[in-house]
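Now for the letters of each chain:
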Protein chains: 2
Amino acid sequence: MKKRIPKIPHNAKRVFEGVIFDVYQWPQKMFDGTTEIFEVLKRPDTVQIITTTTDKKILILSEEQPTKHRYYSLPGGRHDQDETLISAARRELKEETGYTTSDWTFWYKESPTSKLAWEVYTYIARNATRIAKQKLDSGEKILVKKFTFDQFINLANNSSFRDPSLKTILTRALYNSKERAKLKKLLFG
Amino acid sequence: MKKRIPKIPHNAKRVFEGVIFDVYQWPQKMFDGTTEIFEVLKRPDTVQIITTTTDKKILILSEEQPTKHRYYSLPGGRHDQDETLISAARRELKEETGYTTSDWTFWYKESPTSKLAWEVYTYIARNATRIAKQKLDSGEKILVKKFTFDQFINLANNSSFRDPSLKTILTRALYNSKERAKLKKLLFG
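**Here's the deal with the overall build of chain A**
Of regular secondary structure, chain A possesses 4 helices and 12 strands. The buried share among the 189 residues of chain A stands at 48%. In chain A, the share of contacts with a sequence separation of at least 24, taken over all contacts with a separation of at least 6, comes to 57%. Here chain A displays about 9800 Å² of accessible surface, and carbon together with sulfur accounts for 49% of that area. Computing the positive centroid from 34 side-chain charges and the negative centroid from 23, chain A places the two 6 Å apart.

Here it is in structure tokens:
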């Protein structure tokens, strides 16, 4: 395993501080010995949760935002500075769906795009039950849907669901019975 | 089909101009009537090319950059202001591989991440032949590899290849013989 190269090197300077995004720049030595200014963005990391319920369904949000038409998504949101990642996952799940559970598994993290220092942490929350009402932000309109496992993996072909990496996993499960059984076991335990 | 909501509305102001990224902000009315500052980034659109050769191979780059370990990618790059998209695709293919062809098809475009106004245009270039040497930037080290169709679709499971949307398409082809035949026909004509 090669050593990971950090997206923002130590000598980078923050040249802009925004509402969500900060911009960093640094002088980068090129292969021919010349130097160029490189630029990378930083935004807060986020968490998202695949939640299975005691009646063997999966929670999917049908979400609307002031600048977006309705789309399907997983519960999740920003990881605040003053909380752990798992706390962020618990908080977002409860706020957006009213559900909670004690059965949490961290599944994978990914950095969706280059030139952007941003990690998305995907958790699995099993055997969740509804204990509260939704508590939404002023920029959220969220319907909580219960999908069967088959409906869930069919999101692979649904253009209203935008999560390319998860779609690759769902596509594998959709077309290959071994992968399907493996995913089902992982999500429902 | 619902009307597409532009990522950057007319009343947005550019609050930062960077080397690659510009930052835009605007006051956004929320669902409860309050207003918040919304922020979106803009970067130049890019093109990428799936190139098939006269000997029925597919051109894949093994690329190194000053801040990235070697990885697999498609030929491609930035769409400059003073050229058309197809010109950018022709130029990048020739610069990065030395190959050219007259058989071009636009395949799909996508916007890889929300909060970022950035479109990637994917082209298919068939029956390409090598007519020149590579002409690389100071920040590029590129080996041009010829993949068979089977090697190409196996990139679906290769962590050194980072293109989540294309990986979903390749996964479909890898696991489903109809999808595989369809993709092969599309790429080789």
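Read on for the rest.
**Focus: the sheet that holds strand 3 (residues 35-42) of chain A**
Residue and element names in this part refer to chain A. Strand order in the open sheet formed by 4 strands is 1-2-3-10, and the pairing between neighbours is mixed. The open sheet has two edge strands, strand 1 (13-17) and strand 10 (116-117), and neither has a second partner. Direction of pairing for strand 3 relative to strand 10: parallel, over a ladder of 2 bridges. Residue pairing for strand 10: Lys42 is matched across the bridge by Ala117.

**Looking at helix 3 (residues 164-175) of chain A**
Here helix 3 of chain A contains 12 residues, and its C-alpha end-to-end distance of 16 Å stays within 8% of the 16 Å for a straight helix at 1.5 Å per residue. Of all the 12 residues making up helix 3 of chain A, 10 are buried; the element is thus mostly covered by neighbouring parts of the structure. Along helix 3 of chain A, the residues that are buried comprise Ser165(A), Leu166(A), Lys167(A), Thr168(A), Ile169(A), Leu170(A), Thr171(A), Arg172(A), Ala173(A) and Leu174(A). Against the buried residues of helix 3 of chain A lie strand 4 (46-53), strand 9 (103-110), helix 2 (149-153) and helix 4 (177-188) of chain A together with helix 3 (164-175) of chain B.

**Regarding the pattern of salt bridges**
Residues and elements named next belong to chain A. Counting across every chain of the model gives 22 salt bridges over all chains. Residue Arg91 is joined to Glu92 by a salt bridge in which the shortest nitrogen-to-oxygen separation is 3.2 Å. Salt bridges sharing common partners tie together Asp80, Glu83, Arg91, Glu92 and Glu95.

**Some thoughts on the confidence of the model for chain A**
On average, residues of chain A score 95 in pLDDT, and 99% of them are at 70 or above. Reported confidence for the predicted complex is 0.91 by ipTM and 0.93 by pTM.

Scoring rules and cut-offs
- Residues numbered from 1 in each chain as written.
- Chains lettered and ligands numbered in written order.
- Predicted model: local features only at pLDDT ≥ 70, side-chain atom pairs only at ≥ 80, totals over all residues.
- Heavy atoms only, no water.
- Helix = DSSP H or I, 4+ residues; strand = E, 2+ residues; numbered from the N terminus.
- Buried < 20%, exposed > 50% of the residue type's maximum accessible area, 1.4 Å probe, protein only.
- Contact = heavy atoms within 4.5 Å.
- Areas by Shrake-Rupley, 256 points an atom, 1.4 Å probe, with all protein chains shown as cover.
- Lys, Arg positive; Asp, Glu negative; His and termini not counted.
- Charge placed at Lys NZ, Arg CZ, Asp CG, Glu CD.
- Pairing = 2+ DSSP bridges.
- Expected span 1.5 Å × (residues − 1).
- Salt bridge = Lys/Arg side-chain N within 4 Å of Asp/Glu carboxyl O.
- pLDDT = per-residue confidence, 0-100.

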